[in-house]
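Here is how the chains run, residue by residue.
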Amino acid sequence: MSFPIKEIPTKPFDGQKPGTSGLRKRQVFQQQHYTENFVQSIFDSIEPKGVTLVIGGDGRYFSPETVQTILKIGSANGVAKFIIGKDSILSTPAASNVIRKYKAYGGILLTASHNPGGPDNDFGIKYNVSNGGPAPENVTNKIYEKSKTIASYKVIEAPAVDLSKIGEASYGPSKVSIIDSVADYLTLLEEIFDFPLIKNFLSSHADEYRVLFDGLHGVTGPYASKILVDTLGLPDTSVQNCVPLPDFGGGHPDPNLTYAHTLVEAVERNNIAFGAASDGDGDRNMIYGKGAFVTPSDSVAIIADWADVIPYFKKGGVKGLARSMPTSKAIDLVAQKKGLEYFEVPTGWKFFGNLMDAGRLSICGEESFGTGSDHIREKDGLWAIMAWLNIIAAANAKSPNKLVGINDILKSHYEIYGRSYFSRYDYEEVPSEGANAMVAAINDALKNKSLDNTTHVSASSGGKFTVSGIYNFEYKDPIDHSISSNQGQVITFSDGSRVVFRLSGTGSQGATVRMYVERYVAPEAGAAALNGDTAEGLKGLIEVALEISQLKKFLGREKPTVITVRRMLWIVYGFC
């Protein structure tokens, strides 16, 4: 049976340039030809004839329609088989696993990650390659170039595929397999973690160590329910907001102290020992227990330190550790103590993927609540949450007479490695002109050395901070030797503190400026210095950073959109 291919005339749209995690835009994908142009540009940039392609996403508004569009265009371009998550649901980590497990050529993921969804909010399309990771720059650059010259796209018109029915189907000449979105991923996690140990600990401490997971109405809800309730035997009350919704229930599916307030409020109100949340597409996580917030930087360092209690690493060992440049240096200290190779890379999971594929990296993380390992080639929110549950279960197996919680693990870690006081200020949807002007001013100071050896005094504390240098972070990939320049501006101080300024590529509107502040306290400083309040410990340095950068003047903002400091959040919510 023949299936006629139609050529639909079109014209290029400006700005279809994929960022670190695909093309993300607000209110544009639904206009005529926009989505079709970008999808065709993907197929024009790869070799689609005869391949298997995975399609998934976080279930946000406009996803089901876009799956049908991909089927029309992909089939016309020669894709032999599509593997699709039921109801177009397939988390980013699960999609990476499916690509790798079934040896697919690649995958198209419909997600704008942690950004809001709905008809008036964000949508995104991301292409992943055969290793399960985000497309490298040579592929995304090719997609962009194709989008600038596209004159037509191909389609095959056939009846829409019912995405709600698991099983085999077809679209034109292409085979279609609708799969259970959760099954393969659950199998993967059961191979990695000590589920019997975790289940035994949780069941034997059901009253005194309660767990709560908040899906924020993103993609991870069905995964968490299957893992925590069906597999580990926790009560239904252990999960909340776990039905994926096209608009994420009107919320912002970003697991941080501001946007995951439903988790924070419930944990504090109900004295929950272990709380966790994930984002829209499931690749980020937050660990938060009663009075215990774990920064992403500390989280990945602690997972690395405790890796030997996780069966996956007990069996295969730890090859190396890594972090993104803005992330605190806590994981570096673990690597040094354990004699492991470690890396500092630009923000973007693809940089970790190169090291993993070369067999030089096992555990890595980003301060933006992304943590993962070489089990897939994406960061993985539920993986990090399960890693923490595995660690807590193992710690309690060694402590029969005292219940070990999140704060106990944090304090023990600081006693050995010291503490990196760390906070991030996010200024979202600021004018691009002001953001670029701020970057240019810091670059001028770098070039002219006008800030070098200057001393700045905190208005509130009187503390003095002397600038020791400024540099633009540049990374030479040790695997493919590519060079990534201008990856963030770093201001260092004579006491070892540092401040990083970076324009983020994960927003869909305006610019997002992120300021990262870090101050290290050595273990010999003692318990009081190691367990202080983050906001107080960094207050003076933050004041100086704002003064040096003139951020408020350039951005026209008095306050950030998001702060990762616990105490400030408690004041907002009335927890102190």
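About the thresholds
Residues numbered from 1 in each chain as written. Predicted model: local features only at pLDDT ≥ 70, side-chain atom pairs only at ≥ 80, totals over all residues. Heavy atoms only, no water. Core = buried A, V, L, I, M, F, W, Y, C linked by side-chain atoms within 4.5 Å. Buried < 20%, exposed > 50% of the residue type's maximum accessible area, 1.4 Å probe, protein only. Helix = DSSP H or I, 4+ residues; strand = E, 2+ residues; numbered from the N terminus. Contact = heavy atoms within 4.5 Å. Salt bridge = Lys/Arg side-chain N within 4 Å of Asp/Glu carboxyl O. Pairing = 2+ DSSP bridges. Axes fitted to C-alpha atoms, helices over the stretch in contact; angles between N-to-C directions. Arc of directions from axis to C-beta. Polar contact = N/O pair within 3.5 Å; in protein donor to acceptor, adjacent residues only side chain to side chain.

**A look at the nonpolar core**
Link 1 in the chain: One finds F193, I227, F274, W388 and I406 to be the most contacted residues of the largest nonpolar core, which totals 110 residues.
Link 2 in the chain: With 13 residues, helix 13 (residues 381-397) is the single largest residue contributor to this core.
Link 3 in the chain: Among all residues touching F274, those that are not within four sequence positions of it are Y209, R210, V211, L212, I287, Y288, G289, I385, W388, L389, I392 and I406.
Link 4 in the chain: Formed by 39 residues, the second largest nonpolar core is a distinct cluster that contains V39, V79, Y127 and I156.

**Quick look at the environment of I406**
Link 1 in the chain: Secondary-structure assignment places I406 in helix 14 (residues 406-417).
Link 2 in the chain: Under the relative-accessibility criterion, I406 is labelled buried at 2%.
Link 3 in the chain: Separated by 114 residues in sequence, I406 and Y520 have C-alpha atoms that sit 21 Å apart.

**Description of the side chain of D332**
Link 1 in the chain: The residue D332 is located in helix 11 (residues 330-338) in this model.
Link 2 in the chain: The contacts of D332, once residues within four sequence positions are left out, are R323 and Y342.

**Considerations on the pattern of salt bridges**
Link 1 in the chain: For the coordinates displayed, the defined rule picks out 25 salt bridges.
Link 2 in the chain: Residue E344 is joined to R498 by a salt bridge in which the shortest nitrogen-to-oxygen separation is 4.0 Å. Highlighted residues: E344 in strand 17 (residues 341-345) and R498 in strand 26 (residues 498-504), separated in sequence by 154 residues.

**A short note on the sheet that holds strand 27 (residues 511-521)**
Link 1 in the chain: As summarised here, the arrangement of the 7 strands in space is 21-22-25-26-27-20-28, forming an open sheet in which the pairing is antiparallel. Edge positions in the sheet fall to strand 21 (455-457) and strand 28 (562-563), since each has one partner strand and no second.
Link 2 in the chain: Along the sheet face, helix 15 (residues 432-448) touches strand 20 (419-430), strand 22 (464-472), strand 25 (489-493), strand 26 and strand 27 and points at about 100° away from the line of strand 22.

**Here's the deal with the environment of V98**
Link 1 in the chain: Within the element layout of this structure, V98 appears in helix 3 (residues 92-101).
Link 2 in the chain: The sequence separation of V98 and T52 amounts to 46 residues, and the corresponding C-alpha distance is 11 Å.
Link 3 in the chain: For V98, the residues in contact, after removing those within four places along its chain, are V54, I83, K103, I179 and D184.

**Here's the deal with unusual backbone geometry**
Link 1 in the chain: The phi dihedral of Q27 falls on the positive side, at around 60°, and the residue is not glycine.
Link 2 in the chain: Relative to the assigned elements, Q27 resides in the loop between strand 2 (23-26) and helix 1 (34-45).
Link 3 in the chain: One non-glycine residue, K449, adopts positive backbone phi at about 55°.
Link 4 in the chain: Mapped onto the fold, K449 is located in the loop between helix 15 and strand 21.
Link 5 in the chain: Judged by relative accessible area, K449 falls into the exposed class, the value being 55%.

**Thoughts on helix 6 (residues 195-204)**
Link 1 in the chain: Looking at helix 6, one finds that the buried residues are F195, I198, F201 and L202. Taken around the axis of helix 6, the buried residues stretch over an arc of 135°, which confines them to a single face. Seen from the buried face of helix 6, the exposed residues on the opposite side, beyond 90 degrees, are P196 and S203.
Link 2 in the chain: Of the surrounding elements, those touching the buried residues of helix 6 are helix 5 (183-192), strand 11 (211-214), helix 7 (221-231) and helix 13.
Link 3 in the chain: Structurally, the start of helix 6 carries an N-cap: the backbone nitrogen of L197 is 3.1 Å from a side-chain oxygen of D194.

Keep in mind these values describe shape, not function.
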